[in-house]
Amino acid sequence: MKIAVTYEDGQVFQHFGHTAQFKVYEAKDGKILSSQVVDTNGSGHGALAGFLAAQGVDTLICGGIGGGAQAALAEANIRLLGGVQGSADAAVEAFLSGSLQYNPDVQCSHHEHHGEGHDCASHGDHACGGHCHG
């Protein structure tokens with residue numbers, strides 16, 4: 001199993017479409033065998049799903065992610081675990097142990113009380129990192 005995490009300074013980076021690096025983990029039987037940080041070389045939103053697929057990734061852990069990127073990941077058969085914050089290494093350990101806290105509907109679901117046309121980017125600091133559209 002190959003798990004990628006949007007990565008910056010040891011933490012889960014909060015905007016998938018702007019991530020400059022992923023930390024890619026090779027795991028088997030619930031244990032991390034190896035990990036490496038890989039640069040995206042400037043790949044943006046849509047290209048990142050293809051980049052991950054080319055790396056052999058089957059699971060992605062990230063912070064905020066937009067609908068277009070989610071669709072591209074689904075098309076590439078990459079499992080998405082979004083809305084995750086904190087240490088990248090701790091997130092992967094939690095995933096492997098079955099205790100990762102993530103948001104299966106990471107697309108700003110906590111703003112449902114707002115009306116049509118709401119732009120959650122105006123909030124700045126929440127799980128989407130201020131960038132929910134992607």
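Please read these numbers as outputs of a predicted model, since none were measured by experiment. (Residues numbered from 1 in each chain as written. Predicted model: local features only at pLDDT ≥ 70, side-chain atom pairs only at ≥ 80, totals over all residues. Heavy atoms only, no water.)

1. So, the pattern of salt bridges
- For the structure on display, the rule yields one salt bridge.
- Of the charged contacts, one joins Lys 23 and Asp 89 as a salt bridge, the two residues approaching to 2.9 Å between their closest N and O atoms. Of this pair, Lys 23 sits in strand E3 (residues 21-28) while Asp 89 sits in helix H3 (residues 88-97); the two residues are 66 residues apart in sequence, bridging distant segments of the chain.
- Using a relative accessible area of 37% as the deciding quantity, one classes Asp 89 as partly exposed. (Salt bridge = Lys/Arg side-chain N within 4 Å of Asp/Glu carboxyl O. Helix = DSSP H or I, 4+ residues; strand = E, 2+ residues; numbered from the N terminus. Buried < 20%, exposed > 50% of the residue type's maximum accessible area, 1.4 Å probe, protein only.)

2. Quick word on the environment of Asp 29
- Structurally, Asp 29 is set in the loop between E3 and strand E4 (31-39).
- Distance from Asp 29 to Leu 96, taken between C-alpha atoms, is 8.6 Å for residues 67 residues apart in sequence.

3. Structural notes on the side chain of Thr 6
- Locating Thr 6 in the fold gives a position in strand E1 (residues 2-8).
- Separated by 2.8 Å, the side chain of Thr 6 and the backbone oxygen of Phe 13 make a polar contact.
- Residues within four places of Thr 6 in sequence aside, it is in contact with Gln 11, Val 12, Phe 13, Phe 16, Thr 19, Gln 21, Phe 22, Leu 60, Ile 61, Cys 62 and Gly 63. (Polar contact = N/O pair within 3.5 Å; in protein donor to acceptor, adjacent residues only side chain to side chain. Contact = heavy atoms within 4.5 Å.)

4. Comments concerning the pairing of E3
- Across six bridges, the pairing between E1 and E3 is antiparallel. Its bridge partner being in E3, Val 5 is matched across the sheet by Lys 23.
- In this structure, E3 lies alongside E4, joined through eight bridges in antiparallel fashion. Bridge pairing in E4 places Val 24 opposite Gln 36.
- Between E3 and E4, which follow one another and run antiparallel, lie two residues, and Asp 29 among them has a positive phi close to 50°. (Pairing = 2+ DSSP bridges.)

5. Structural notes on the confidence of the model for the protein
- Averaged over every residue, the pLDDT of the protein is 82; residues scoring 70 or more account for 77%.
- Highest mean pLDDT in the protein belongs to strand E2 (residues 11-12) (98); lowest belongs to helix H1 (residues 45-54) (86). (pLDDT = per-residue confidence, 0-100.)

6. Section: unusual backbone geometry
- A positive phi is found at Asp 9, a non-glycine position, where the angle reads about 50°.
- By the element assignment, Asp 9 lies in the loop between E1 and E2.
- Exposure remark for Asp 9: the relative accessible area of 72% places this residue in the exposed category.
- Phi is positive for Asp 29, which is not a glycine, with a value near 50°.

7. Re the nonpolar core
- Core analysis: the biggest nonpolar cluster contains 17 residues, and Ala 4, Phe 16, Phe 22, Leu 52, Leu 60, Ile 65 and Leu 73 have the highest contact counts within it.
- The set of elements that each furnish at least two residues to this core consists of E3, H1 and helix H2 (67-75).
- In terms of residue count, the dominant contributor to this core is H1 (four residues).
- Ignoring anything within four residues of it in the chain, the contact list for Leu 60 reads Ala 4, Thr 6, Phe 16, Phe 22, Leu 52, Ile 65, Leu 73, Ile 78, Arg 79, Leu 80 and Leu 81.
- Among the nonpolar cores identified, the runner-up in size contains 15 residues, and Val 5, Leu 81, Val 92 and Leu 100 belong to it. (Core = buried A, V, L, I, M, F, W, Y, C linked by side-chain atoms within 4.5 Å.)

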